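Secondary and tertiary structure notes
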Amino acid sequence: MLGALAAISAAMAVAAGAFGAHGAAGPQEAEWLRTGGIYQLIHAVAALAIMGVARGPAIMLLVGGAIFAVTLYAMALGAPKWLGAVTPIGGTLLIGGWLWAAWLFWRG
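Notes on the structure in this doc start here. Numbering of residues starts from 1 in every chain and runs along the sequence as written. Restriction of local features to residues with pLDDT of at least 70 applies here, the model being predicted, together with a cutoff of 80 or more for giving and counting side-chain atom pairs; totals for whole chains, interfaces and linings are based on all residues. The basis for every side-chain value is the complete set of heavy atoms in the structure, and neither hydrogens nor water enter the calculation.

1. Some details on the overall build of the chain
- Tallying secondary structure elements over the chain gives four helices and zero strands in all.
- In this description a helix means any DSSP run of H or I spanning at least four residues, a strand means any run of E spanning at least two, and both kinds are numbered starting from the N terminus. When the helices and strands of the chain are read in sequence order from the N terminus, they spell out α-α-α-α.
- Here the globule rule is a power law, 2.2 Å times the number of residues to the power 0.38, and the radius of gyration is based on C-alpha atoms. Radius of gyration (C-alpha) of the chain: 14 Å, near the 13 Å computed for a compact globule of 108 residues.
- By its C-alpha atoms, the chain is 50 × 25 × 20 Å across when sized along the principal axes.
- Buried residues are those whose accessible area, probed at 1.4 Å on protein chains only, stays under 20% of the maximum for their type, while exposed residues exceed 50% and partly exposed ones sit between those limits. For the chain, the residues scored as buried account for 39% of the 108 residues in total.
- Looking at the chain alone, contacts between residues at least 24 apart form 69% of all its contacts between residues at least 6 apart. Contacts are assigned to residue pairs with any non-hydrogen atoms lying within 4.5 Å of each other.

Structure representation (C-alpha cells):
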C-alpha cells in the first residue's frame, strides 16, 4: 500500500510539473507547480527507497511532500494565497522525516 501511494505521488508530481511547464496561468503559478512537483517527486522516490527499512519516516516524507506540494498546486490553480501559510507544515514534516530516517540509520 505504501509503495502504491508513493508511486501515485510521483505520478502526481510529474503531472504538476508538466502542467506548470505548459498550462500555468502565469510565471508565479508555474513556479509553484514546478517547486511542488520537484519536492513531491523527490520525496516519493525517497519513500520508495526507504519504506522497507524505515516505514515511519517514509510515511512522514509522503505526508509532508503531499501537504507541501498540494498547497502550492492549489494556489497555482486559484486557491486563496493564505494557503501558503500551510505549506511550511509540509516542509517541517519533510525535515522531520529525514531526521527520523537519519536517526534510524545511525542506530543501525
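2. A look at the packing of helix 2 (residues 27-50) against helix 4 (residues 87-107)
- Close contact between helix 2 and helix 4 brings their axes to 12 Å; oriented N to C, the two are set at 25°. Here helix 2 lies roughly parallel to helix 4, going by the angle between them. Where helix 2 crosses over helix 4, the two elements pack in a sense that is left-handed. Only L94, W98, A101 and F105 of helix 4 make contact with helix 2, whose side of the interface consists of Y39, H43, A46 and I50.
- Each residue is assigned to one class: nonpolar for Ala, Val, Leu, Ile, Met, Phe, Trp, Tyr, Cys and Pro, charged for Asp, Glu, Lys and Arg, and polar for all the others, Gly among them. Taken together, the residues of the contact of helix 2 with helix 4 sort by class into seven nonpolar, one polar and no charged. Between the N-to-C directions of two axes lies an angle of 0 to 180 degrees, each axis being a line fitted to C-alpha atoms and, for a helix, fitted only over the stretch in contact. Note on angle classes: values under 35 degrees are labelled roughly parallel, values over 145 roughly antiparallel, values of 65 to 115 roughly perpendicular, and the remainder oblique. Helix crossings fall into two classes, left-handed where the near helix is turned counterclockwise from the far one by less than a right angle and right-handed where it is turned clockwise.

3. Focus: the packing of helix 1 (residues 2-22) against helix 2
- Packing of helix 1 against helix 2 leaves a shortest axis separation of 8 Å and a crossing angle of 160°. The orientation of helix 1 with respect to helix 2, classified from their angle, is roughly antiparallel. As helix 1 runs across helix 2, the sense of the crossing is left-handed. Between helix 1 and helix 2, the residues in contact are G3, A6, S9, A10, M12, A13, V14, A16, G17, F19 and G20 and A30, L33, G37, Q40, L41, A44, A47 and L48, respectively.

4. Some thoughts on the nonpolar core
- To define a nonpolar core, start from buried Ala, Val, Leu, Ile, Met, Phe, Trp, Tyr and Cys residues and group those joined through side-chain atoms within 4.5 Å. Among the nonpolar cores identified, the biggest contains 24 residues, and I50, L62 and Y73 are the most heavily contacted of them.
- When residues of this core are traced back to their parent elements, those giving at least two are helix 1, helix 2, helix 3 (55-76) and helix 4.
- Per-element accounting of this core gives the leading share, nine residues, to helix 3.
- In contact with I50, not counting residues within four places along its chain, are R55, P57, A58, L61, A101 and F105.

5. Some thoughts on the packing of aromatic side chains
- Classification of ring pairs rests on two measures: the distance between centres of Phe, Tyr or Trp rings, Trp counted by its six-membered ring, which must be within 6.5 Å, and the angle between planes, read as stacked under 30 degrees, edge-to-face over 60 and tilted in between. All chains considered together, the criterion is met by one aromatic pair.
- Judged by centre distance (4.5 Å) and plane angle (25°), the rings of Y39 and F68 are stacked. On the criterion of sequence distance, the pair formed by Y39 in helix 2 and F68 in helix 3 is long-range, its members being 29 residues apart.
- Note on Y39: relative accessible area 37%, which makes it partly exposed.
- Look at NZ for Lys and CZ for Arg. If either is within 6 Å of the ring centre and within 35 degrees of the ring normal, a charge sits over the ring. Just above the ring of W103 sits the side chain of R107; from NZ or CZ to the centre is 4.4 Å.

6. Some thoughts on the environment of I8
- As for its position among the elements, I8 is in helix 1.
- On a C-alpha basis, the gap between I8 and G90 in space is 18 Å, while along the polypeptide they are 82 residues apart.

7. Quick word on helix 3
- Multiplying 1.5 Å by the residue count of a helix minus one yields the expected span of that helix. Between the first and last C-alpha of helix 3 there are 31 Å, a value that for 22 residues agrees with the 32 Å anticipated at 1.5 Å per step.
- Just beyond helix 3, the residue with positive phi is G78, at close to 110°.

Any functional reading would require information that these geometric values do not contain.
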